[in-house]
Amino acid sequence: MAQNNIPVSEVYWSLVDKADRKFSMIRDLPYYGRTRYDSYFQKVFKVYTQLWKFQQENRQKLVEAGLKRWEIGEIASRIAQLYYGQYLRTSEASYLSESYIFYEAILSREYFKDGSLSQDLNLANKQLRCLARFLVVCLVLNRREMVQHLVNQLKLLVDECKRNFQETDFREWKQVLQEIVRFLKSDTAFLNTRPLRYSIVIDSNPDSLPHVASLEGKNSLRLREAILSSYHHNEVKFTELTLDTFRMLQCLEWEPSGSFYQTSASTSGNGTNSGHNGASGPNRPNYSQDITDPTLPPNPRKAILYRPAVTHFIAVLATISEELPPDGVLLIYISASGKSGQVISSPSSAGAINTTESTVGNLQTHNMIADTHRTPSLISQRDTPTHLYGQNKENHKSNLSGSLWMGSRGYGGSNCICPSDLIPFTRRPLFLIIDSDSSQSFKAIHGAEMGEPAAMLLSPTSPSPATSAAVDSSRHTSGSQFSMFLTAPLQAFCLLLGFSGSNINMDAYNEADKLLTSSLNEWGLILAKSDTLDPVWAQVLCDPFLRRILLRFIFCRVVLALYAPTFNKKEFLPDCLPHLPDSVLPTTTASQTAILQIANTFGVSNHFIFSDGITPPENGH
C-alpha cells in the first residue's frame with residue numbers, strides 16, 4: 001500500500017472500513033465444525049492486526065486528525081470479541097486469556113469514558129455491551145474479583161444512563177443486571193475451594209491412571225468433542241450460559257498447573273506484547289501465562305446450545321459426528337425438563353425471555369453481533385408436530401412423552417429432543433448425560449445403537465429433598481442436583497445435607513475432600529481391575545474427563561441410595577447403561593464405608609441408612 005502521499009487518517013479509515021466488512025462476514029458463522037471456517041477468521045485477525053498496529057504507530061497524528069478514544073476502544077473490543085469467538089470454536093484457553101487482556105485494557109484505560117457519554121446514547125450502549133461481554137469472559141475464566149468489579153461498574157453505568165437519557169427505557173439492561181446478580185448468588189457456595197476444571201495437582205494425574213484390564217486389545221478412546229445443552233423454564237442463567245452448562249463447560253477443561261489465581265508480573269516498558277496470529281496486545285500483565293500450560297493436552301471442543309430447535313441440534317450433532325477423530329468420543333449433555341414449558345401468550349413476556357441474549361449477544365453469535373442498538377426480538381417457533389417415519393399420531397404422542405423440551409412455547413416436535421433423534425449418531429462413540437425427569441426414556445437407545453454401544457448416565461427422575469428446609473434444592477436456585485454431583489460432588493453432598501458456604505466448617509470440608517478423593521481413586525482402581533467391566537466403560541476409563549465424571553456418578557448413586565429420605569426409592573436414584581460391575585454398587589461394604597467416613601466428618605451419619613456391621617476404619621481413613 002503506497003502511503004507516502006496519502007494522509008494517515010485516510011489510510012486509517014480505509015483499514016477500519018475493511019475490518020468492519022470482514023467482521024460482518026463472520027459474525028453469523030457457526031462456532032461448530034473443526035476447520036471449515038478457519039480461513040475466514042484468519043483473514044479477519046490479519047486485518048485487525050494491521051489496524052491495531054497502524055493506530056499504535058500513528059496515534060498522535062490520528063488524534064490530531066480527530067480520532068476519539070472510544071474509537072480506539074471499539075477496535076480493542078472487536079479484537080476481544082474475535083478472541084472470545086475463537087475460544088468458542090476451539091476451546092483453547094489461550095484465546096480466552098487474550099480476550100480478557102483486551103477487555104481489561106479497555107476498562108483500565110477508560111476508552112469509552114469521554115465527555116460525550118452523557119449526550120451519545122449509542123456510545124453509552126457500546127460501553128454497556130462491552131462490560132457485559134467482559135463479564136462473560138471473566139465468568140468462564142473464573143476471575144471472580146473482576147466479575148464483582150464489573151457488576152458494580154455495570155450498575156453505576158446503568159444508573160448514570162437512566163439519569164442522562166430519561167426518555168430511554170433501560171429495562172433491558174436492568175434485566176441483564178438481575179440475571180448476573182441471580183447467577184452469582186446461585187454460584188457462590190464454597191467459592192474457589194476447588195476449581196471445577198481438571199487439575200493435575202488435585203485430581204489424578206492422567207499419566208498415572210491404572211491400566212484397564214478388560215480392554216482386551218481394544219483401543220482406548222478420548223473425549224474430543226462435547227455438546228452442552230440446557231433449558232428449563234426460569235432457570236438461572238446469564239446470556240445463554242446456564243448454571244448447568246457453565247459448570248459442565250468448566251468441568252471439561254484443564255486447570256493450569258501453575259498459580260491460576262495470582263496476577264502475573266506486569267510487563268515493563270512501552271512496548272507491546274504479541275498475541276495469536278501476530279496481533280499486538282496492549283501493555284498489560286502477561287495473563288496468558290497463568291492459564292496456558294504447554295504440558296497439558298488441548299481442551300475438548302465444546303458447542304454450547306441454548307434452547308436449540310431440534311433441527312439445529314441435529315445439524316450441530318451431525319457436523320461434529322462427521323468430524324470426530326477415529327479415537328474420539330462425543331459427549332452429549334442435555335439438561336431439560338420432560339414436561340413442555342409454559343405457553344407464553346403475550347409478545348412482551350416472550351421478548352423478555354431473550355433480553356440478555358439479544359442485548360449482550362448469544363453464544364453462537366456471541367460477540368460477533370455488530371454494535372448497534374437492538375430491541376429483543378421474538379424467537380419464531382413452530383407448533384406443528386413433525387411425525388416420525390412409520391408412526392401414527394398415538395405413537396408420536398407417546399414418543400414425545402419421553403422427550404426433552406427445549407423451548408418455552410407450544411407442544412410441537414420442533415421444541416423437543418427424542419431418544420430416537422440420537423440413535424442415528426450411535427455409529428460413533430457417544431457418552432450421553434441426560435439430566436431430566438424423563439431421563440429413563442433414553443434407555444430406549446440401549447440395544448438400538450447402529451454401530452457403537454452408547455455410554456449413558458441418566459439422572460434421577462426426581463431431585464432428592466435437602467435435609468434442611470432452609471436450603472432449597474430446586475433447580476431454580478442452585479442448578480441441577482445431578483449435574484452438580486458430576487461437576488462439584490462435595491458441594492452437592494453438602495447442599496443435600498443442608499450446608500451452605502456460610503455455615504460450613506472448612507476444616508471438616510477439607511478433610512471430607514481428601515476422603516472423597518481417596519474414595520474416587522479406589523472406585524477407579526476397582527473398575528480398572530474388574531474383569532466384568534463392560535467394554536463401553538473400559539474404553540472411556542482412560543480418558544481423565546470421562547473417568548472423573550463416571551466416578552462422581554458412582555459417588556452420587558451411593559449417596560442417594562443410602563440417604564434416608566431417598567432410601568430404596570428408585571425415582572431418586574440415577575442409573576447408567578451399560579450397567580457397572582457389582583463391586584461398585586451402593587450395597588458393597590467399600591461404598592458404604594466411604595460415605596460413612598465423609599458423613600462422620602460433618603457429623604451427619606444419622607442422615608444415612610447403612611447395612612449392619614458398617615463401621616469406619618479405626619484410623620479414620
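Residues numbered from 1 in each chain as written. Predicted model: local features only at pLDDT ≥ 70, side-chain atom pairs only at ≥ 80, totals over all residues. Heavy atoms only, no water.

The protein is annotated in an unreviewed UniProt entry as Protein SCAI of Macleaya cordata.

Attention now goes to the environment of Asp20. Of note, Asp20 is situated in helix 1 (residues 8–26). Judged by its relative accessible area of 33%, Asp20 is partly exposed. A C-alpha to C-alpha distance of 9.3 Å links Asp20 and Arg78, two positions 58 residues apart in sequence. The residues contacting Asp20, other than those within four sequence positions of it, are Tyr48 and Arg78. (Helix = DSSP H or I, 4+ residues; strand = E, 2+ residues; numbered from the N terminus. Buried < 20%, exposed > 50% of the residue type's maximum accessible area, 1.4 Å probe, protein only. Contact = heavy atoms within 4.5 Å.)

For soluble globular proteins, the rule of thumb is that nonpolar side chains tend to be buried together. Residues Leu331, Phe431, Phe602 and Phe608 are the most contacted members of the largest nonpolar core, which totals 156 residues. Broken down by element, this core gets its largest block of residues, 14 residues, from helix 6 (residues 121–141). Each of domain 1 (8–187) and domain 2 (222–256 + 291–339 + 414–607) accounts for three or more of the residues forming this core. If we skip the residues at most four places from it in the chain, Phe608 touches Phe493, Leu497, Val559, Leu562, Tyr563, Ala564, Ile595 and Ala599. Formed by 31 residues, the second largest nonpolar core is a distinct cluster that contains Phe313, Leu430, Leu432 and Ile445. (Core = buried A, V, L, I, M, F, W, Y, C linked by side-chain atoms within 4.5 Å. Domains from an automatic or database assignment.)

Where helix 17 (residues 489–496) meets helix 18 (residues 506–529), the closest approach of the two axes is 10 Å, and the angle between their N-to-C directions is 125 degrees. Relative to helix 18, the element helix 17 is oriented oblique. Along this stretch, helix 17 crosses helix 18, giving a crossing that reads as right-handed. The residues of helix 18 that touch helix 17, namely those facing Pro489, Leu490, Gln491 and Cys494, are Tyr509, Ala512, Asp513 and Leu516. (Axes fitted to C-alpha atoms, helices over the stretch in contact; angles between N-to-C directions. Parallel < 35°, antiparallel > 145°, perpendicular 65-115°, else oblique. Left-handed = near helix turned anticlockwise from the far one by under 90°.)

Bringing the packing of aromatic side chains into the picture now. The tally for this structure, following the rule as stated, stands at 23 aromatic pairs. Each ring, one from Tyr103 and one from Phe134, has its centre 5.4 Å from the other, and the planes form 20 degrees; the classification is stacked. Remark: Phe134 occurs in helix 6 and Tyr103 occurs in helix 5 (residues 93–109); sequence separation between them is 31 residues. Here Tyr103 matches Phe134 in class, with each residue buried. (Phe/Tyr/Trp six-rings, centres within 6.5 Å; stacked < 30°, edge-to-face > 60°.)

Let us look at the sheet that holds strand 2 (residues 222–231). In space, the 6 strands of this open sheet follow the order 8-2-9-12-13-14, with mixed pairing throughout. The sheet terminates laterally at strand 8 (301–306) and strand 14 (575–577), the two strands that pair on one side only. Along the sheet, successive strands turn relative to each other by an average axial angle of 10 degrees, direction set aside. Relative to strand 12 (residues 430–435), strand 9 (residues 328–336) is paired through 6 bridges, and the arrangement is parallel. Within strand 12, the residue paired with Ile334 across the bridge is Ile434. (Pairing = 2+ DSSP bridges.)

Between its first and last C-alpha atoms helix 10 (residues 310–323) spans 20 Å; for 14 residues at 1.5 Å apiece the expected length is 20 Å, and the two agree. The set of residues buried in helix 10 consists of Val310, Phe313, Val316, Leu317, Thr319, Ile320 and Ser321. Contacts from the buried residues of helix 10 go to strand 2, strand 8, strand 9, strand 11 (416–417) and helix 14 (419–422). (Expected span 1.5 Å × (residues − 1).)

Of note, the amide linkage connecting Leu577 to Pro578 takes the cis form, showing an omega dihedral of -10 degrees. Here Pro578 is to be found in the loop between strand 14 and helix 21 (589–602). One non-glycine residue, Ser91, lies in positive phi territory at about 65 degrees. Counting through the fold element by element, Ser91 comes out in the loop between helix 4 (69–90) and helix 5. Positioned with a positive phi, Thr239 is a non-glycine residue whose angle comes to about 50 degrees. Tracing the backbone through its elements, the reader meets Thr239 in the loop between strand 3 (237–238) and strand 4 (241–242).

To continue, consider the environment of Leu486. By the element assignment, Leu486 lies in helix 16 (residues 481–487). Given the relative accessible area of 0%, Leu486 is considered buried. Taking the C-alpha atoms as reference points, Leu486 and Cys251, separated by 235 residues in sequence, lie 8.6 Å from one another.

In this structure the tally under the stated criterion is 10 cavities of 30 Å³ or more. In this model, the largest cavity occupies a volume close to 270 Å³. Looking at the largest cavity, it is lined by 23 residues, and the ones nearest its centre are Arg194, Asp203, Leu520, Arg548 and Arg552. When contributions to the lining of the largest cavity are tallied by element, the ones reaching two or more residues are helix 17, helix 18 and helix 20 (544–562). When residues in the lining of the largest cavity are grouped by element, the largest group, 6 residues, is from helix 18. (1 Å grid on protein atoms, 1.4 Å probe; cavity = no way out; pocket = protein on both sides within 12 Å on 5 of 7 lines; lining within 4 Å. Points joined across faces, edges and corners; volume = space filled by probe spheres on them.)

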